[in-house]
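Structural characterization, general
One-letter residues, chain by chain:
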Amino acid sequence: MINSSENLDNVPTINNENIGEFESNVCEFSFFEFLSKNLNSSYSLQLDNPSSINCFAKINSADYLNDKNIVYVGTNLNVDIIIQSLFWLLLFSIIPKDKKISKLNFKNSSIFVTLLLLLLHFVSEESFYNMNSKIYSSSLKDNFQLYSLLLTFFIVLKLFSILVETRINNIIYYLPILFVFPGTYNSSNLNVIYICLIFIGISIMLRKNVYKILVIINLIITYLWISFINEDILYFDVDKLKGFSSSSYNQNSIFYWSMSFLFVIFGFVYICKISLKNVELNKLKINFLASGVLVVFFSLISAVSPVINFFTYYYLGLNKTASKTFDPVAGNAWRGISSSAEAIGEFYAFVILFTIFTSVYKKMKLSPLEICLLLINIYGLYKSNNFAAMTSMLIVILLFFIFLNVQSKNIKYPLYILTILIFPIIYFSFFNSYDFDESSRKMIKEGFNVSNVEYLDKNEFGRTPIDDNRFYEVILNSDSEGKISTSLNYLVEEYHFSERNGIPNITTIISSIATPINRSEKWGIFFGKYNPSFNTFLIGTGSINLTHYYFGHASKANFGLILPHSSIFSYLIFFGILGLVVLIGLIFSKFYLNKNNTYFILLNVYFLINLLKSDSLLYLNSFLLFIMLLNSNNLFKYSRVE
Amino acid sequence: MDSDIFKICGESDLLPELEKIQSDPNFVFEPDPNFNPITLFNEIGDTIMVNSWIECANYVNGGWVNNIVETGNYERNLFFGLSILTCVLLIPEILKYLNRFLNRKKEKTS
């Protein structure tokens, strides 16, 4: 920001007439000088990521578009990583030290392996970096830019390794703050928290044999994922998934993301294990509440001014710039600084739920300050307009109070069932206008809508076989080969033949879940695009890599970021049906082992219900919150309630 | 410089033309359909696409190159700065190891 102007005195106040001056004096005016001269001017700021180091924090031209002055601010890959990392490390150093030091072993080796993985990342996602740096090259010869990147990360990890040992027991208290500071770098597909967790994960792996075995299993699976590659895909616009999703599909990117993802899990599970046992619930509750309030606060101020919007994006490490207005997206949800209104709505509802649980558990009334913080979180939830999060939160609260207040098992269990069923009953009685058959048809039609089936003949009324629900006819059409995704093909066949055997088919089951939660369209698009082979259906295409799903099958939905709108579907893409079965098995085994811990079960149930219809697990902060919840069996002790 | 021009823009007998256009500030480059466009970079990383041999030669003559890594003077300086910082971070550790090593040696000899 303080990179000085070449002509300090000449920075003009921007208006429609002198915009040419900014166009012709590229990289002349410092951003700071510009801001000081244009406090009351009207303009919006846009980042010019591929700028050179010299043009960092300088005005790189301006445009007059749609009655608006747009000013481009230069940012640079190397400088961004240095400045953002240092700022976040400074924040990290504020975390209070713990008396108990948890030594990390093999620190230098862990840094070295992390750097090797990062090098692989930079090589594998060349197209992404070419868009973010004019001079980017993945060549290793005389490439000072790449060397500088690696040295920067070496310094960052070295400093982090010094800071982390005395703070690792306290990190969990600051998990909620990740919703305020997502920690994503501006011009790279990296996230500082992800990188630090890779480092911790490698350090843990090197000292525990169980983890080494898991790494070997992961290497075998990664080998299979790599062997499934038919064709490299150079670039996928990760947009709001930046820092936690691969932007390419090749053997190096699959290797980097699959290994790093495993290390991140190791690292975070370790943090949970060492710190969750001794967590002060009240402190964690306050941090959740305060983080929710900070998210609301930064969201509001980011919508007020383009300058604040720019700074919140840059220094909070947002995946995409915060909402620039108070208007909801598509008339229903306001995301604020979060990448996703859905994910942040789930977070607010979780904060409310956690506050209630903790207060009851600790038998403590909320203080006036806590009530104020809670109300602001409720406001955030209201603005995010996440109906599913609100409903599931209410159901879980009801279940919780039944658990607390009803002693008789004869009354308790019917009440549980009634509470769980009441919302579906209300929905199907008063709001649902589709029968099961119609729901299935709706989802299949959405799938066909995004498929390239323009070749279909129309009848005398201009209707295609799809309009007349003759879906199987479309499948049988010789022109359909390769045009209809394998998953849609399967669903149509199941739907078509089910009426003859009378057994509820998978298509009807999925669509009858999709319709009440308003997912027919989104899941229909998912099936229109999801085109796995037998192998990729079994074990997926690689950890946090949507690229093959996105471009592996030509459809009308290959532009813009259209996500599966269900974390289960996302994980089906990543790990296949076998991976999904293992994951679900692990979750249920956790449930079984903690079946008496109602707090643990209810918090996880809340999260799982929401994962069914949202992409939250594609965002690092929500993903880490989910892992924390799965390891939170020591957070609440069931016996205390009894 | 001539060898750079031939290396980057390819062989041509139009080199004498270059001097003429250097003295003409109003010279407009005509795209050559037979010339494969080349992207050139300057020292601060700006890029330009040249569409004729003479245009290419003119820019190369002005210091533009096609090897992007070579252009990164700022990156080079940054690299050296970061290298110094890395050494500062590593020196205490190296000294610590050295100390430990010497102590062990002392213990063995005593």
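For clarity, every value in this text was computed on a predicted model and none was experimentally measured.

Quick word on the overall build of chain B
- Of regular secondary structure, chain B possesses five helices and two strands.
- Along chain B, helices and strands appear, N-terminal first, in the series α-α-β-β-α-α-α.
- By residue count, 31% of the 110 residues in chain B fall in the buried class.
- Here the analysis covers contacts within chain B between residues at least 6 apart in sequence; of these, 55% occur between residues at least 24 apart.
- Here chain B displays about 7700 Å² of accessible surface, and carbon together with sulfur accounts for 56% of that area.

Re the state of the cysteines
- Evaluation of the coordinates by the stated rule reveals two disulfides over all chains.
- Note on cysteine connectivity: C27 of chain A is disulfide-linked to C55 of chain A, with sulfurs 1.9 Å apart. Residues C27 of chain A and C55 of chain A are joined through a disulfide that is left-handed, its torsion about the S-S bond being -110 degrees. Of the two residues, C27 of chain A sits in the loop between helix 1 (19-24) and helix 2 (31-37) while C55 of chain A sits in the loop between strand 1 (44-48) and strand 2 (59-65), which places them 28 residues apart along the sequence. Of the two residues examined, C27 of chain A and C55 of chain A, each falls in the buried class.
- Here C9 of chain B is linked by a disulfide to C56 of chain B, with a sulfur-sulfur distance of 2.0 Å. Taking the torsion about the S-S bond as the criterion, the C9 of chain B to C56 of chain B disulfide, at about -85 degrees, is left-handed. Of this pair, C9 of chain B sits in helix 1 (residues 2-9) while C56 of chain B sits in helix 3 (residues 53-61); the two residues are 47 residues apart in sequence, bridging distant segments of the chain.

Comments concerning the sheet that holds strand 3 (residues 68-74) of chain A
Residue and element names in this part refer to chain A.
- Read from one edge to the other, the open sheet built from three strands follows the order 1-3-2, with strand pairing classed as mixed. A single partner strand is all that each edge strand has here, and the edge strands are strand 1 and strand 2. Ignoring which end each strand starts from, the neighbouring axes of this sheet average 25 degrees apart.
- Here helix 11 (residues 306-316) sits on the sheet and contacts strand 1 and strand 3; the angle it forms with strand 1, its principal contact strand, is near 30 degrees.

As for the pattern of salt bridges
Residues and elements named next belong to chain A.
- As enumerated under the stated definition, the model contains 11 salt bridges over all chains in all.
- Residues E454 and K556 are paired through a salt bridge, measuring 3.4 Å at the closest nitrogen-oxygen approach. Here the residue E454 occupies a position in the loop between helix 16 (436-449) and helix 17 (471-476), and K556 occupies one in the loop between helix 22 (547-551) and helix 23 (567-593), the gap between them amounting to 102 residues.
- By relative accessible area, E454 is classed as exposed at 55%.
- Close ionic contact of R470 with E473 constitutes a salt bridge, the shortest N to O distance being 2.4 Å.
- Exposure remark for R470: the relative accessible area of 34% places this residue in the partly exposed category.
- For E473, a relative accessible area of 40% gives the class partly exposed.
- When salt bridges that share partners are traced, they join R463, D468, R470 and E473 into one network.

Let's talk about the environment of I420 of chain A
- Topologically, I420 of chain A is positioned in helix 15 (residues 409-431).
- What makes I420 of chain A partly exposed here is its relative accessible area of 46%.

Some details on the confidence of the model for chain B
Residue and element names in this part refer to chain B.
- With 87% of its residues at a pLDDT of at least 70, chain B reaches an overall mean of 80.
- The element-level mean pLDDT for chain B is lowest in helix 4 (residues 68-71), coming to 48, with helix 5 (residues 73-109) highest at 89.
- For this predicted complex, the interface confidence score (ipTM) comes to 0.84, while the overall pTM stands at 0.87.

Here we look at the packing of aromatic side chains
All names here are of chain A.
- Evaluation of the coordinates by the stated rule reveals 71 aromatic pairs over all chains.
- Centroid distance F310 to Y314: 6.2 Å. Interplanar angle 15 degrees. Geometry classified as stacked. Of this pair, F310 and Y314 both sit in helix 11, separated by four residues, roughly a single helical turn.
- Geometry around Y173 places K283 over its ring, the cationic atom sitting 4.3 Å from the centre.
- Positioned above the aromatic ring of W334, the side-chain terminus of K383 is 5.2 Å from the ring centre.

Things to note about a nonpolar patch on the surface
Residue and element names in this part refer to chain B.
- Residues I91, I94, L95, L98, F101 and L102 make up a contiguous nonpolar surface patch of about 590 Å² in total accessible area.
- Considering the arrangement of structural elements, one finds L95 in helix 5.
- L95 sits in the exposed class, given a relative accessible area of 51%.

Thresholds applied
Residues numbered from 1 in each chain as written. Chains lettered and ligands numbered in written order. Predicted model: local features only at pLDDT ≥ 70, side-chain atom pairs only at ≥ 80, totals over all residues. Heavy atoms only, no water. Helix = DSSP H or I, 4+ residues; strand = E, 2+ residues; numbered from the N terminus. Buried < 20%, exposed > 50% of the residue type's maximum accessible area, 1.4 Å probe, protein only. Contact = heavy atoms within 4.5 Å. Areas by Shrake-Rupley, 256 points an atom, 1.4 Å probe, with all protein chains shown as cover. Disulfide = S-S within 2.5 Å. Pairing = 2+ DSSP bridges. Axes fitted to C-alpha atoms, helices over the stretch in contact; angles between N-to-C directions. Salt bridge = Lys/Arg side-chain N within 4 Å of Asp/Glu carboxyl O. pLDDT = per-residue confidence, 0-100. Phe/Tyr/Trp six-rings, centres within 6.5 Å; stacked < 30°, edge-to-face > 60°. Lys NZ or Arg CZ within 6 Å of the ring centre and 35° of its normal. Patch = residues over 30% accessible without salt bridge, like charges linked within 9 Å, V, L, I, M, F, W, Y side chains within 5 Å.

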